[in-house]
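Results of the structural survey
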Amino acid sequence: MGKVVVVTSGKGGVGKTTSTAALGAAVAKTGKKVALVDFDVGLRNLDLIMGAERRVVFDLVNVIQGQAKLSQALIRDKRVETLFLLPASQTRDKDALTEEGVGEVIDKLRSVFDYVFCDSPAGIERGAQLAMRFADEAVIVTNPEVSSVRDSDRIIGLLDARTLRAEQGEQIAKHVLVTRYDAARASRGEMLSIDDVLEILSVPLLGIIPESQDVLRASNLGSPVTLSEPLNSAAKAYIDAARRLEGEELPVIVPFERKGFLDRLLGRRAA
Amino acid sequence: MNLLDMFKRRSSAPVARERLQVLLAYERRNRSQPDLVSILREEIMAVIAKHVQIDQDYLQVSMDRGETMSTLEIDIQIPNKSAVPLAMAG
């Protein structure tokens, strides 16, 4: 039985889709069978980030409504053999997804794949709740910034209340993935530090992805950064995060902070 | 201390942390009582519906939370047209 991991955040634009693609590709590269499911009905983008936008024939809604078989809708990645994508539909109908339908699709995927990554839409409404509904684990993507952290806290509340696991009295394993981390700004006290974020959310850290031009370039090229430029710092951080997700104990290194003498002297006591 | 003050003023992250801690402590408390207002709204609506037919929109329930006391405000508008009690109408 595969593991279902929801990638969620509450707030939009923090890097859910990018992180889904990067983490999924990193796990698949180790030989595991991985399915990426785009839950953002109406605003699909995972296909674009994966560079598969011209190969979409059927989508998640087609499968749920019985217009296509799951095997017809799954798109195999051209770079990694064990990586598959199930795109969202472009339909505007918000009710196109039913809980039963999603449950059936997830069950089938779970029986075939080692990992099923569910890319959640932004917000805390139905779409986001369906994306997390059947998850065993959650990756909460957070930017070190007040509104993102607040929304992550809301999402954590939902994960503990509205997922099937939570309702059955089981735990859902939660991990925080801090993205767009700017070490220089954090060291100057202009950005919430990793410690701040973890202390506030009290959820273990999966990784820290530094703010990087390479991530944008990878999106432009339609390739997860972990595949196109596996040696750059953001990709390495994603690869390490993927290893931690698989249970490996790997220390998290906070991206280098260039501290001046005065910064050191003042440190966190400046608060 | 002037130099120190200058540095202190520059870093906004500690302010962000403190604001978040206060806000989230408050929001988490409220989360544990699952949307009291909407439960009240539903039950009040059910009680009214036993006697008078009104539209959902005519019932406003709001909670103003204060430090030591909260105020629950219930505003029910009964349009004259449908104000006839069901018992009498029947």
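Residues numbered from 1 in each chain as written. Chains lettered and ligands numbered in written order. Predicted model: local features only at pLDDT ≥ 70, side-chain atom pairs only at ≥ 80, totals over all residues. Heavy atoms only, no water.

1. Describing the overall build of chain A
Scanning chain A for helices and strands turns up 14 helices and 8 strands. Against the globule reference of 18 Å for 271 residues, chain A gives a C-alpha radius of gyration of 18 Å, in line with a compact fold. The C-alpha extent of chain A, read off along each of the three principal axes, is 65 × 40 × 35 Å. Counting across all 271 residues of chain A, residues that qualify as buried make up 55%. Excluding contacts between residues fewer than 6 apart, the proportion of contacts in chain A whose partners are at least 24 apart in sequence is 75%. Of the side chains in chain A, 36 bear a positive and 38 a negative charge, and the two mean positions are spaced by 3 Å. (Helix = DSSP H or I, 4+ residues; strand = E, 2+ residues; numbered from the N terminus. Rg over C-alpha atoms; globule rule 2.2 N^0.38 Å. Buried < 20%, exposed > 50% of the residue type's maximum accessible area, 1.4 Å probe, protein only. Contact = heavy atoms within 4.5 Å. Lys, Arg positive; Asp, Glu negative; His and termini not counted. Charge placed at Lys NZ, Arg CZ, Asp CG, Glu CD.)

2. Overview of the environment of A:Leu250
All names here are of chain A. With respect to the helices and strands, the residue Leu-250 is situated in the loop between helix H13 (233–245) and helix H14 (261–266). Through-space distance from the C-alpha of Leu-250 to that of Asp-240 is 7.4 Å; in sequence the pair is 10 residues apart. Setting aside its immediate chain neighbours within four residues, Leu-250 contacts Asp-240, Arg-243 and Arg-244.

3. Concerning the packing of aromatic side chains
Residue and element names in this part refer to chain A. Under the definition given, this model contains 2 aromatic pairs over all chains. Both rings, one in Phe-84 and one in Phe-113, keep their centres 5.4 Å apart while their planes meet at 70°; by these two values the pair is edge-to-face. Taken as a pair, Phe-84 in strand S4 (residues 83–86) and Phe-113 in the loop between helix H5 (99–112) and strand S5 (115–119) lie far apart in primary sequence, 29 residues in all. Accessibility classification places Phe-84 together with Phe-113 in one group, the buried group. Judged by centre distance (6.0 Å) and plane angle (20°), the rings of Tyr-115 and Phe-117 are stacked. Each member of the pair Tyr-115 and Phe-117 is classed as buried. Over the ring of Phe-113 we find Lys-33, and its NZ or CZ is 5.2 Å from the ring centre. (Phe/Tyr/Trp six-rings, centres within 6.5 Å; stacked < 30°, edge-to-face > 60°. Lys NZ or Arg CZ within 6 Å of the ring centre and 35° of its normal.)

4. Comments concerning the UniProt feature "binding site: ATP" (unreviewed entry) in chain A
All names here are of chain A. Mapped onto this structure's residue numbering, the UniProt feature "binding site: ATP" (unreviewed entry) falls at Lys-11, Gly-12, Gly-13, Val-14, Gly-15, Lys-16, Thr-17 and Thr-18. Turning to its location among the elements, Gly-12 is positioned in the loop between strand S1 (3–8) and helix H1 (16–29). Under the relative-accessibility criterion, Gly-12 is labelled partly exposed at 33%. Considering the arrangement of structural elements, one finds Val-14 in the loop between S1 and H1. A residue is classified by how much of its surface remains accessible, and Val-14, at 2% relative accessible area, is buried. (UniProt positions renumbered as here; feature names shortened; annotations may be inferred.)

5. Topic: helix H7 (residues 146–162) of chain A
Since the α-helix advances by 3.6 residues per turn, residues separated by three or four positions end up pointing in the same direction. Counted at 1.5 Å a residue, the expected span for H7(A) with its 17 residues is 24 Å, and the 24 Å between its end C-alpha atoms agrees. Taken together, the buried positions of H7(A) are occupied by A:Ser148, A:Val149, A:Ser152, A:Asp153, A:Ile155, A:Ile156, A:Gly157, A:Leu158 and A:Leu159. (Expected span 1.5 Å × (residues − 1).)

6. Considerations on unusual backbone geometry
Residues and elements named next belong to chain A. Here Arg-180, not a glycine, exhibits a phi torsion of approximately 55°, which is positive. Take Arg-180: it is sitting in strand S7 (residues 173–181). With a relative accessible area of 41%, Arg-180 lands in the partly exposed category.

7. A look at a nonpolar patch on the surface
A grouping of B:Leu72, B:Ile74, B:Ile76 and B:Ile78 is seen on the molecular surface, where their side chains present a nonpolar patch of about 310 Å² in accessible area. With respect to the helices, strands and loops of the structure, B:Ile74 is situated in strand S2 (residues 70–76). (Patch = residues over 30% accessible without salt bridge, like charges linked within 9 Å, V, L, I, M, F, W, Y side chains within 5 Å. Areas by Shrake-Rupley, 256 points an atom, 1.4 Å probe, with all protein chains shown as cover. Salt bridge = Lys/Arg side-chain N within 4 Å of Asp/Glu carboxyl O.)

8. As for the sheet that holds S7(A)
Residue and element names in this part refer to chain A. Sheet architecture is open: 8 strands sit in the order S3-S4-S2-S5-S1-S6-S7-S8, paired in mixed fashion. At either end of the open sheet lies a strand with only one pairing partner, and these are strand S3 (75–76) and strand S8 (205–210). Pairing analysis gives 2 bridges linking S3 to S4, with the strands arranged antiparallel. Considered in S4, the bridge of Ile-75 is made with Leu-85. Contacts between H5 and the sheet are confined to S1, strand S2 (34–38), S4 and S5, with S5 contributing the most and set at about 145° to the helix. Contacting S1, strand S6 (137–142) and S7, H7 crosses the sheet at an angle of about 165° to S6. (Pairing = 2+ DSSP bridges. Axes fitted to C-alpha atoms, helices over the stretch in contact; angles between N-to-C directions.)

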